[in-house]
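Listed below are the residues making up each chain.
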Amino acid sequence: MSKYSRKSTVDSNMTAACSTETSMKKTPTLEMSRATELPESTLCVACSADGRLLGLGHSRGLSVWCASSLLCAAEWLQDGLEMTSIQITTMAEKAYLLATVDDMGVARVFAYHCESIHLLSVINTMENINKRSICLTFELSEGGHYGAASISCNSDVWLEVYHFPTDAWLKELEVEPSQNQDPDSSADVEVKWSPLAAVIKIQPPKTPAGTELDGPLENDFLTHCLALDKDMGSSQWDEQPFDKEAGKINESLRRCTHHFLLPCGQFPGDSHAKDQPALPVSVCVWWSGSHNLFHYLLRKSPKNKTDVEPMLDELWPNAKEILCSAVSRCTRFIALGLDDALVCVWDRQSGSPLSVVPVSATDSAFSRMQFVDFRHESADDSQTAATVCLSVLCKSGTVHAVTSGRGAQSCTAQLNERPKDSGDIPTVIAPVPFLQSMMLVVQRNGQMFLQDVLNKTKVCFLNPPKTFQISTPCSPVYALNTKQQTLVIQGEQASSCSAGRQSQLFSFTFGKHGIMEQYIISHPDSQRQNTLEEAYNIYLRQRALSADERNKAIAHTWKQLQDTAELEQQRHSRAAAS
């Protein structure tokens, strides 16, 4: 794989980028602030929400580092393992949960406490070699109360949601001293941790046999919405979950995407979450090839361990197939990137679309989208809470900014020209929570820069040392530290071509740089601190003011569904006639 390591290429690309700026001024450069060597074959990194720790996944296991000193605080090692995915969340003060997936598709839950790492649970144990389950994705909710794993076994795919006994684990960690670890191994000696509980098992919904599209839509809304989706039977997805020749998980498998959702006004289940506003109340899910977004409440664990089939609580239909999605930090807004270059933003407080915005990118499908913080806080949050800004990445490499709100005119802007060189295609577009309207962009050629989404300008380039480059720019290993206002990203020597070369962790500090002062957000997490009572008040005010608009939006959505149903009916009729 080409690393684009030649300095002359990078310099020429940088010069070309600077010359296209509307201000015609040279774009500033932010130099790396520090670097440190990484463990062998580091494949992933994550930062805790409090900014104190970094979790690193690498060959033979994982390690936890101090984010300030960039020194290793603890490690958990086992021969033959290679961690490919890692997440870290704060369970309590000085106690953290880590979720990992290794190269064989095994998911694990760890705890970091008192400078030790403990293996709490293996999600998908290999009890039967003929029914080997592969974890495709594994994610923790913030705070570690829930976890969700996308599992594949014998061409079937489903999503399992678990409730973690965090209170019990904290007590067990307090009474389990570090002496219970084998001095020659990272494993705990005869420690039985409280088991996690499966809450729900979500499988792709299937249309009942014999369903026809020519019946009245009002009679069975759910059936008609499901009938509009593609046939998602296992016959179309006969690929094996693990590609033995490639030695990795098969990327062509059907996938599901999920998001944990916090309490939000009138949404089902919120009335029971008044005392725990930071605890997820539901999970939303969509499947590849689907038009529909499904919502499931996170109820208590079932009495019968096998009784985890969920009841669908909400279904939000869309006129086109869902390609990508994103959720705002407060989880009030859910954005869906649809086929035919449509962006639909759903408002959970009203239960209806905030807006449906066409984007001038019909020649290329959406591949990724993110919410971007674009405003300072307002004393009257009710006036601004229903305005959102998104960045949308297309497969062609073009990036679009979409700004929309209830009662406000939606607008879109293309942030870059369609790349003529494949090296200029962005591989990362990530919002920077502590910088207003700012987005981190990493390109295939290794260039990194910060871009102002509203002004469409490059604010500064991020440069590693002259003899170094970003490792695997097609899939960079990086993490943003909101509390310390830094970026850490994996790099390596540009002149080295050996497969086992030592990589380094580069750190870029934004808060101390003069060019960033105007963009700094003082309290990026303050939107999450609103009480539930404030959310209810905002909801009631907006509900009263937006009644006419909501009725129009609902009528428009129904009209789109009916038109789509008629088209599908005509297609089925033509197919039957032929």
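The rules behind these values
- Residues numbered from 1 in each chain as written.
- Predicted model: local features only at pLDDT ≥ 70, side-chain atom pairs only at ≥ 80, totals over all residues.
- Heavy atoms only, no water.
- Helix = DSSP H or I, 4+ residues; strand = E, 2+ residues; numbered from the N terminus.
- Buried < 20%, exposed > 50% of the residue type's maximum accessible area, 1.4 Å probe, protein only.
- Contact = heavy atoms within 4.5 Å.
- Areas by Shrake-Rupley, 256 points an atom, 1.4 Å probe, with all protein chains shown as cover.
- Salt bridge = Lys/Arg side-chain N within 4 Å of Asp/Glu carboxyl O.
- Pairing = 2+ DSSP bridges.
- Axes fitted to C-alpha atoms, helices over the stretch in contact; angles between N-to-C directions.
- Phe/Tyr/Trp six-rings, centres within 6.5 Å; stacked < 30°, edge-to-face > 60°.
- Lys NZ or Arg CZ within 6 Å of the ring centre and 35° of its normal.
- Polar contact = N/O pair within 3.5 Å; in protein donor to acceptor, adjacent residues only side chain to side chain.

A. Quick look at the overall build of the chain. In terms of helices and strands, the chain carries 5 helices and 34 strands. Burial status across the chain gives 52% buried among its 578 residues. Counted over contacts in the chain with a minimum sequence separation of 6, partners at least 24 positions apart contribute 55%. Taken as a whole, the chain presents about 27400 Å² of accessible surface, with 49% of it coming from carbon and sulfur.

B. Main features of the pattern of salt bridges. Counted under the stated rule, the structure contains 4 salt bridges. For Asp340, the salt bridge goes to Lys320, with nearest N and O atoms at 3.1 Å. Pair noted here: Asp340 is in the loop between strand S20 (333-338) and strand S21 (342-347) and Lys320 is in the loop between strand S18 (314-317) and strand S19 (322-327), with a separation of 20 residues, a long-range link. Relative accessible area serves as the criterion here: at 46%, Asp340 is assigned to the partly exposed category.

C. Fine view of unusual backbone geometry. In the Ramachandran plot, Thr472 falls in the positive-phi region, its phi being about 35 degrees despite a non-glycine side chain. Looking at where Thr472 falls in the secondary structure, it is placed in the loop between strand S31 (468-470) and strand S32 (478-481). Given a relative accessible area of 28%, Thr472 falls into the partly exposed group.

D. Representation of the sheet that holds strand S10 (residues 146-153). Taken together, 4 strands build an open sheet; the order of strands is S9-S10-S11-S12 and the sheet is antiparallel. The open sheet has two free edges, formed respectively by strand S9 (134-140) and strand S12 (197-202), since each of these has just one partner strand. Pairwise comparison of adjacent strand axes, ignoring direction, gives a mean angle of 20 degrees for this sheet. Relative to S12, strand S11 (residues 156-163) is paired through 5 bridges, and the arrangement is antiparallel. If you follow Val161 over to S12, its bridge partner there is Ile200.

E. Region of interest: the packing of aromatic side chains. Scanning all chains against the criterion turns up 7 aromatic pairs. On the basis of an interplanar angle of 35 degrees and a centroid distance of 5.8 Å, the ring pair of Phe434 and Phe510 is categorised as tilted. Separated by 76 residues along the polypeptide, Phe434 in the loop between strand S27 (426-431) and strand S28 (438-443) and Phe510 in the loop between strand S34 (504-509) and helix H4 (532-545) bring together distant segments of the chain. Neither residue differs from the other here; Phe434 and Phe510 are each classed as buried. Consider the rings of Phe449 and Phe461, whose centres lie 5.9 Å apart with planes at 70 degrees: the pair is edge-to-face. Of this pair, Phe449 sits in strand S29 (residues 448-452) while Phe461 sits in strand S30 (residues 457-463); the two residues are 12 residues apart in sequence, bridging distant segments of the chain. With respect to class, Phe449 is no different from Phe461; both count as buried. A cation over an aromatic ring shows up here: Lys201 above the ring of Trp158, its NZ or CZ 4.5 Å from the ring centre.

F. Inspection of the pairing of strand S24 (residues 387-394) at higher detail. The buried fraction of S24 is high, at 7 of 8 residues. One ladder, built from 5 bridges, connects strand S23 (residues 366-371) with S24; its direction is antiparallel. Across the sheet, the residue bridging to Phe366 is Cys394, located in S24. Here S24 runs beside strand S25 (residues 399-405); their pairing, made up of 7 bridges, is antiparallel. What sits directly across from Leu390, in S25, is Val402.

G. Representation of the side chain of His58. You can see His58 is positioned in strand S4 (residues 53-66). Ignoring anything within four residues of it in the chain, the contact list for His58 reads Pro39, Glu40, Ser41, Thr42, Leu43, Ser63, Leu77, Leu81, Glu82 and Met83.

H. Fine view of the environment of Glu160. Residue placement: Glu160 occurs in strand S11. Between the C-alpha atom of Glu160 and that of Gln203, which follows or precedes it by 43 residues, the distance is 8.8 Å. If we skip the residues at most four places from it in the chain, Glu160 touches Gly147, Ala148, Ala149, Ile200 and Lys201. Here Trp158 takes part through its side chain, which lies 2.9 Å from a polar atom of the side chain of Glu160.

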